[in-house]
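# Close look at the chain arrangement
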Amino acid sequence: MIFSDVPGSMRLVKMGESGMRIIDLEHVCKKVGSAQEKTILSDVSLSVDSGAYIAVRGRSGSGKSTLLSIIGGMQQATSGRVHVCGESLESASEERRARFRLKNIGFVFQSFHLLGRLSAWENVAVPLVLSSRLKRGSIEARARQTLNDLGIGDLADARPSQLSGGQQQRVAIARSLIMEPNLLLADEPTGNLDEHSAAEVMTVLERARAVNGATLIIVTHDPMVATTADRVIDIVDGRVCPEGARE
Ligand SMILES: Nc1ncnc2c1ncn2[C@@H]1O[C@H](COP(=O)(O)OP(=O)(O)OP(=O)(O)O)[C@@H](O)[C@H]1O
Ligand SMILES: [Mg+2]
């Protein structure tokens, strides 16, 4: 389980292998266009240790989402080496990358990406349904428990359209956590939320990291996130700036 089933408390269930390298990018470039005339990422090299909490900042259009999606195996780099969670992704097939994502990555999108026809718990269950041979009852129980852990167990049967932005984002986070991912990638998870909901969402993500030992990478414009992260990575025009690591 992601969190303890003891109400109101948490216990350590699974620790990340802290100190091990979980992300290694070397000279990654991403170009698009029929003649690859547009460069989105340029010579990005980046190493991240397992269990770290990293904030990624940069202006709109600087390449933050592209970087996250290359790390998460959703897009492929045009050149360079992409080594994540022990796998080389630069020449992996779409099928292999899909398996890699299911096994290792929890992705929280800025715009939630919930399926409108499914209830909250059914949305949360989607990765489990895709990946496991668990019976429907076990999958449902686990999805409902994960929503409970995030404080919205009473909304498990609601459709996304019946939920507030903060509640929808928590459903999306529950979906990203249900597979107990090694690596949690959150693309402006608080971008659409008011201050209170944003603070709640951040607490949930940081708790997932602490309890589950996950590595957390958050794209954000929120100065508070940058002050709580272990490292801040600034991207300017598709390049990673030299870092000022926090003490
Ligand atoms: N498939 C594509 N084809 C053409 N241009 C693209 C493609 N994907 C991204 N871009 C461009 O690459 C640049 C970086 O996009 P990206 O989405 O990574 O930026 P971002 O830093 O996440 O921006 P934002 O803060 O607005 O979300 C943008 O100029 C975008 O228009
Ligand atoms: Mg973006």
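Higher on the page you've got the structure.
Quick notes on the rules
Residues numbered from 1 in each chain as written. Chains lettered and ligands numbered in written order. Predicted model: local features only at pLDDT ≥ 70, side-chain atom pairs only at ≥ 80, totals over all residues. Heavy atoms only, no water. Salt bridge = Lys/Arg side-chain N within 4 Å of Asp/Glu carboxyl O. Near = heavy atom within 4 Å. Polar contact = N/O pair within 3.5 Å; in protein donor to acceptor, adjacent residues only side chain to side chain. Areas by Shrake-Rupley, 256 points an atom, 1.4 Å probe, with all protein chains shown as cover. Helix = DSSP H or I, 4+ residues; strand = E, 2+ residues; numbered from the N terminus. Nonpolar A, V, L, I, M, F, W, Y, C, P; charged D, E, K, R; others polar. Contact = heavy atoms within 4.5 Å. Buried < 20%, exposed > 50% of the residue type's maximum accessible area, 1.4 Å probe, protein only. Pairing = 2+ DSSP bridges. Right-handed = clockwise from strand over helix to strand, strands pointing away. Axes fitted to C-alpha atoms, helices over the stretch in contact; angles between N-to-C directions. Phe/Tyr/Trp six-rings, centres within 6.5 Å; stacked < 30°, edge-to-face > 60°. Core = buried A, V, L, I, M, F, W, Y, C linked by side-chain atoms within 4.5 Å.

### A look at the pattern of salt bridges
Applying the stated rule across the entire model yields 13 salt bridges. Across the pair Asp24 and Arg21 runs a salt bridge, and its minimum N-O distance is 3.7 Å. Each of Arg136, Glu140, Arg144 and Asp157 takes part in a single network of salt bridges with overlapping partners.

### A short note on the site of ligand 1
Near ligand 1 the following residues occur: Val32, Lys38, Ile40, Arg59, Ser60, Gly61, Ser62, Gly63, Lys64, Ser65, Thr66 and Glu188. A distance of 3.0 Å separates an oxygen atom of ligand 1 from a polar atom in the backbone of Gly63. Lys64 has a polar side-chain atom sitting 2.7 Å from an oxygen atom of ligand 1. Its free accessible area being 640 Å², ligand 1 has 58% of it covered by the protein chains. Listing elements by their share of the shell around ligand 1, those giving two or more residues are β2 (38–49) and α1 (64–71). Top element by residues in the shell around ligand 1 is α1. It accounts for three residues. In the shell around ligand 1, the residues fall into two nonpolar, six polar and four charged.

### Details of the environment of Gly166
Mapped onto the fold, Gly166 is located in helix α5 (residues 165–177). Ignoring any residue separated from it by four or fewer positions in sequence, one finds Gly166 in contact with Leu193 and Ser197.

### A word on the pairing of strand β7 (residues 183–187)
For β7, a buried count of five out of five residues is recorded, marking the element as mostly surrounded by other parts of the structure. Bridge count between strand β6 (residues 105–108) and β7: four bridges; the pairing is parallel. By the bridge assignment for β7, Phe107 is matched with Leu185. In the sheet, β7 pairs with strand β8 (residues 215–219) via five bridges, with the strands oriented parallel. Residue pairing for β8: Leu183 is matched across the bridge by Thr215. In this fold, β7 hands off to helix α6 (residues 195–212), which returns the chain to β8; that crossover is right-handed.

### Considerations on the sheet that holds β7
Overall, mixed pairing links the six strands, which are arranged β6-β7-β8-β3-β9-β10 in an open sheet. The two strands at the open ends of the sheet, each matched to only one other strand, are β6 and β10 (239–240). Running at roughly 170° to β6, α5 makes contact with β6 and β7 of the sheet.

### Quick word on the packing of aromatic side chains
According to the stated counting rule, one finds one aromatic pair in the structure shown. Seen in terms of ring centroids, Phe107 and Phe109 are 4.6 Å apart; in terms of plane orientation they differ by 35°. Their pairing is tilted. For Phe109, a relative accessible area of 24% puts it in the partly exposed group.

### Here we look at the nonpolar core
The tendency in soluble globular proteins is for nonpolar side chains to be buried side by side. Tyr53, Val124, Leu147, Val171, Ile173, Leu205 and Ile218 are the most contacted members of the largest nonpolar core, which totals 39 residues. Secondary-structure elements contributing two or more residues to this core are β3 (53–58), α3 (120–131), α4 (136–149), α5, β7, α6, β8 and α7 (223–228). Per element, the largest residue contribution to this core is six residues, and it comes from α6. In this view, Ile173 contacts Val108, Leu150, Val201, Val204 and Leu205; residues no more than four positions away in its chain are not counted. Formed by 29 residues, the second largest nonpolar core is a distinct cluster that contains Val48, Ile70, Leu185 and Val219.

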